[in-house]
Amino acid sequence: NAGVTQTPKFQVLKTGQSMTLQCAQDMNHNSMYWYRQDPGMGLRLIYYSASEGTTDKGEVPNGYNVSRLNKREFSLRLESAAPSQTSVYFCASSARGRFGYTFGSGTRLTVV
Amino acid sequence: QKEVEQNSGPLSVPEGAIASLNCTYSDRVSQSFFWYRQYSGKSPELIMSIYSNGDKEDGRFTAQLNKASQYVSLLIRDSQPSDSATYLCAVNDPSGNNRLAFGKGNQVVVIP
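Residues numbered from 1 in each chain as written. Chains lettered and ligands numbered in written order. Predicted model: local features only at pLDDT ≥ 70, side-chain atom pairs only at ≥ 80, totals over all residues. Heavy atoms only, no water.

Draft legend 1. Broad picture of the overall build of chain B. Assigned secondary structure in chain B consists of zero helices and 11 strands. When the helices and strands of chain B are placed in sequence order, the string is β-β-β-β-β-β-β-β-β-β-β. Taking 2.2 N^0.38 as the reference for a compact globule, 112 residues should give roughly 13 Å; the C-alpha atoms of chain B span a radius of gyration of 13 Å, in line with that estimate. Taken along its principal axes, the extent of the C-alpha atoms in chain B is 45 × 30 × 20 Å. Residues counted as buried form 44% of the 112 residues belonging to chain B. Put simply, of all contacts in chain B between residues at least 6 apart along the chain, 53% involve residues at least 24 apart. Of the accessible surface of chain B, which amounts to about 5,300 Å², a share of 45% is contributed by carbon and sulfur atoms. Within chain B, one finds 10 positive and 11 negative side-chain charges whose respective centroids are separated by 5 Å. (Helix = DSSP H or I, 4+ residues; strand = E, 2+ residues; numbered from the N terminus. Rg over C-alpha atoms; globule rule 2.2 N^0.38 Å. Buried < 20%, exposed > 50% of the residue type's maximum accessible area, 1.4 Å probe, protein only. Contact = heavy atoms within 4.5 Å. Areas by Shrake-Rupley, 256 points an atom, 1.4 Å probe, with all protein chains shown as cover. Lys, Arg positive; Asp, Glu negative; His and termini not counted. Charge placed at Lys NZ, Arg CZ, Asp CG, Glu CD.)

Pasting the structure below:
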C-alpha cells in the first residue's frame with residue numbers, strides 16, 4: 001500500500017528556476033491538497049482540489065500553480081522560485097473531510 | 001478563516017506520566033476532529049479522530065471532545081520516549097470542500 005507518494009524528496013533550486021512537485025495517491029481519494037510547513041508557522045494550505053477537475057486557492061497561493069491531472073495525481077509548480085519558497089512541502093489526500101487526511105512523506109525544497 | 005489554537009508551549013513529561021494537550025477551535029459547526037503526530041523530519045500521521053462529545057480511547061491515547069466549549073484534548077497515558085513528537089490538532093471546515101484547519105502544534109518531550 002503506497003498511500004500518497006511525493007517526488008522528489010529533496011531539491012535545491014537557484015532563484016528564478018522552475019520545477020514541478022509530483023504527488024500521486026492510490027487510495028481512490030476524491031480530494032487532494034498541497035501544504036507548506038515552515039518553523040513556527042504550522043501547515044499552510046497552498047492549493048487544493050476538492051474533486052477531479054477542480055482546483056482552488058488556499059491561504060498562500062502566490063508563486064504557485066497546480067494541476068489535477070486525473071483522480072490520482074496532483075502536481076504543484078513553482079514557475080520562478082524565490083528564497084521565500086524554501087520550505088517543506090506536503091501533499092495530502094482525503095476521501096472526505098470526515099476521515100481526515102493521509103500525507104505524503106514530503107519534499108524538502110531549498111531555493112538559493 | 002477557521003482558527004484552531006494550540007497555545008501551550010513545549011511540554012516535557014517524565015516517562016510513565018500523562019501528557020495532556022489542548023486545542024480550541026472557532027467554528028461552532030465543526031463536526032470532525034483529529035489529532036496528528038509528527039516526528040521531526042517526518043510527515044504528519046493520523047492517530048485519533050473524534051466526532052461526538054465525550055471520550056474516545058485507543059490504546060494509550062484518549063481524545064476528549066466538548067463541542068459546547070469548543071475544545072478537544074489529547075491525553076497520552078504511560079508516556080514513552082517514542083511519544084516525543086509534535087502533535088497537531090485539526091478540525092474540519094464545515095463550509096465544505098473537505099478541508100481541515102490545523103493548529104500549529106505542540107511539541108512533547110518525554111524524559112526517560
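Past the structure itself, the notes keep going.
Draft legend 2. Structural view of the sheet that holds strand 6 (residues 54-58) of chain B. All names here are of chain B. Taken in spatial order, the five strands of this open sheet run 1-3-8-7-6, and their pairing is antiparallel. At either end of the open sheet lies a strand with only one pairing partner, and these are strand 1 (4-5) and strand 6. The pairing of strand 3 (residues 19-25) with strand 8 (residues 71-76) spans six bridges and is antiparallel. Looking at strand 8, one finds that alanine 19 is bridged to isoleucine 76. (Pairing = 2+ DSSP bridges.)

Draft legend 3. Region of the structure containing the pairing of strand 8 of chain B. All names here are of chain B. Where strand 7 (residues 61-66) and strand 8 come together, six bridges link them in antiparallel fashion. By the bridge assignment, phenylalanine 61 is partnered in strand 8 with isoleucine 76. Joining the antiparallel neighbours strand 7 and strand 8 is a turn of four residues, in which glutamine 70 adopts a positive phi near 55 degrees.

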